[in-house]
Structure formats: structure tokens, C-alpha cells
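Residue-level structure breakdown
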Amino acid sequence: MIPTKEEWNNALEERHGKELHRAFSSATVAVCGLGGLGSNIAIALARAGVGRLILIDFDRVDITNLHRQQYKATQIGMYKTVALAENLKEIAPYISLEIHTERITEDNVLTLLKDADIICEAFDDAECKAMLMEIVLTEMRDKYLVAASGMAGLYDANRIKTRKVTSRFYLCGDEESDVADGIGLVSSRVMICAAHEAHTVLRILASNFEELRGKDNE
Amino acid sequence: MVKVNGEPLDIAGKTIAEYLATTNYDMKRIATELNGDIIPKATYADTVLKDGDSIEIVSFVGGG
């Protein structure tokens, strides 16, 4: 039996407190790319009680994705947007999901991301990462961007870090280990980097809420 | 002096494009921040670095 929406919210409120739960549940976060980073980021945010996710990816689930991405063997061939929405609804039945099964380009990025408070870059391709960063940070100045660079291989897990580059831009990863070198991506290390991104999102939401609370007390 | 990724370099007077041409960065994989603001690639050739500027070049690697 799936719990009622009230039971669901009560459980999260008990865990996080009423105000923090409100900060998480009223947020809209976009996840750009639903591979090893994006699928793990979305699941972490859904579990934490983030209210609305915008999920964007053009690709379908492939057998070669299953070693690191949060899909199931039964979902091979499905669009990642559809498969991840299915998995997220099983985890967090009352989450609001907006899915876009298309490639993010310079031409549609402003439209796709306009409702997001925070944007997670979770692409595979380095040029796409740089493109999203430039557009979001120059043309969508009210948004936060959390991006990732460098999480491939079996290198030390502790080299993956979160760095605040500007007031609205955070970069997660070791900034070195390229997927093109060595053995490619390994689930545990990608999950660490995804967890850095998801955690940064929650910290931004929590700090905004603390800023608001500070103002309320003045 | 201009700080580039924390390192002081004697490049005041050069544009961002002129400085980048002396490096090995892949232009398609980078984004550049100058004194806290991201600079669009289209303006690299018009943005002159001044003494005391701080510039950070974020270079992405693939994987995700």
C-alpha cells in the first residue's frame, strides 16, 4: 500500500523539520542529462522531498548504461525520461515531474529551463557542459548552476570535491579524469559526483531558507 | 599583474582571446570568469585584461 500524500509529507516534515521540508518541497530543480550523474541526482533529490523535477534527455536506455545508471534491465529501449519518471514515482509517488525527451541546444535551453530554481548539469560531453554553463550564467542570472567535471575511472574517491566558482555556480568532480582516458566511468565514483551535485542543491535550498528566516527575524 | 586561476601573470593589456591563444585550452570545452562574472565567448576578443583583474578558466572534461 502506498502511503497517502499527507502521511508522506508528515514523514518528511518529521525528518527535516517543517520549514526545511517547505524549502525542499517548494523547489523546482532541472536535471540536464539522465545518465550516470542525472539519474542518481534525480533519485537523491526525490528522496529528500524536492517538489518538482524537470528531467531532460533525448536518449534511450541501453544495455551499456546499466553498469552505472539508475535503470533496470526491463527498461532497455525506453526513453530515459520515461524510465526515470517511472522509477522516481515508485520512490516518491507525489513528486511533480516535467519531462522533455529532446536534446538541449543553444536554441531551446532558455525555454526548457525557465521554471527551474536550480539547474544541474549532468551531460556526458564536455562541449555541452561548457555551452550550458555559458548560457545559464550569462543569460539566466537568477538561476543557480551546479555542474560536474571529472569523475571517470577508479581513482581515489576523495579527489572528488565541490568548488564554489561564482556566487551562483558550483563545480563538482576532480576536474581532471576524462571519460576518454582509461576505463571510463565506474558506478561508485559517478555516484559520488552525483551525490556532490545533489547535496549542493539541497545546501543551496537550505541556505536560501536560512536567509529568508534571517530576514523574517529582523 | 592579472591572476589566472590564482597564478599572477604579466598579461595586462591583452584581450582574453589573445591570452587564450598562448595556452593549450580547447575553446569549445571552457568557460571563463572575470572578476566574478562569466564572459560570453563572443566577447573574448573585445575584453581587455586590466592590472588587478582576476580571471578563472573552467575547463571541462567528459563523463557523466
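A quick note: this is a predicted structure, and the numbers were derived from the prediction, not measured.

We now examine helix H4 (residues 80-91) of chain A. The α-helix advances 3.6 residues per turn, and as a result positions three or four apart in sequence lie on the same side. All names here are of chain A. Over its 12 residues, H4 runs 16 Å from end to end, which matches the ideal 16 Å to within 8%, given 1.5 Å per residue. Those residues of H4 lying buried are Lys80, Thr81, Ala83, Leu84, Ala85 and Leu88. On the buried face of H4, the contacting elements are helix H3 (36-48), strand E2 (52-56) and strand E3 (96-100).

The interface of chain B with chain A comprises 16 residues on the first partner and 30 residues on the second. Of all the secondary-structure elements, those providing two or more residues to the side of chain B that touches chain A are strand E3 (30-34) and strand E5 (54-59) of chain B. Of all the elements, E3 of chain B adds the most residues to the side of chain B that touches chain A, at three residues. Of the residues belonging to the side of chain B that touches chain A, the class tally is seven nonpolar, four polar and five charged.

All names here are of chain B. Examined bridge by bridge, E3 and E5 share five bridges and lie antiparallel to one another. Opposite Leu34, over in E5, you have Ile55 as the bridge partner. Between the end of E3 and the start of strand E4 (residues 37-39), which pair antiparallel, lie two residues, with Asn35 showing a positive phi angle near 50 degrees.

Here we take up the environment of Tyr94 of chain A. Residue and element names in this part refer to chain A. On the secondary structure map, Tyr94 appears in the loop between H4 and E3. As for Tyr94 and Pro3, which are separated by 91 residues in sequence, their C-alpha atoms are 9.9 Å apart. Those residues in contact with Tyr94 that lie beyond four places of it in its chain are Lys5 and Trp8.

Moving on: the confidence of the model for chain B. Looking at chain B as a whole, the pLDDT averages 96, with 100% of positions reaching at least 70. When mean pLDDT is taken per element in chain B, helix H1 (residues 16-21) of chain B scores highest with 97 and E4 of chain B scores lowest with 93.

With that out of the way, let us pick up the sheet that holds E3 of chain A. Residues and elements named next belong to chain A. One open sheet accounts for seven strands, arranged E3-E2-E1-E4-E5-E7-E6; its pairing is mixed. Looking at strand neighbours, the two that pair on one side only are E3 and strand E6 (161-166), the edges of this open sheet. Taking each pair of neighbouring strands and ignoring which way they run, the sheet shows an average axis angle of 20 degrees. Where E2 and E3 come together, five bridges link them in parallel fashion. Bridging across to E3, Ile54 finds its partner in Glu98. Most of the contacts of helix H6 (residues 126-139) go to strand E5 (residues 144-148), to which it runs at about 165 degrees, and overall it touches strand E1 (28-32), strand E4 (118-121), E5 and strand E7 (169-173).

About the thresholds
- Residues numbered from 1 in each chain as written.
- Chains lettered and ligands numbered in written order.
- Predicted model: local features only at pLDDT ≥ 70, side-chain atom pairs only at ≥ 80, totals over all residues.
- Helix = DSSP H or I, 4+ residues; strand = E, 2+ residues; numbered from the N terminus.
- Expected span 1.5 Å × (residues − 1).
- Buried ≥ 20, exposed ≤ 12 C-beta atoms within 10 Å, placed from the backbone.
- Contact = placed C-beta atoms within 7 Å.
- Nonpolar A, V, L, I, M, F, W, Y, C, P; charged D, E, K, R; others polar.
- Pairing = 2+ DSSP bridges.
- pLDDT = per-residue confidence, 0-100.
- Axes fitted to C-alpha atoms, helices over the stretch in contact; angles between N-to-C directions.

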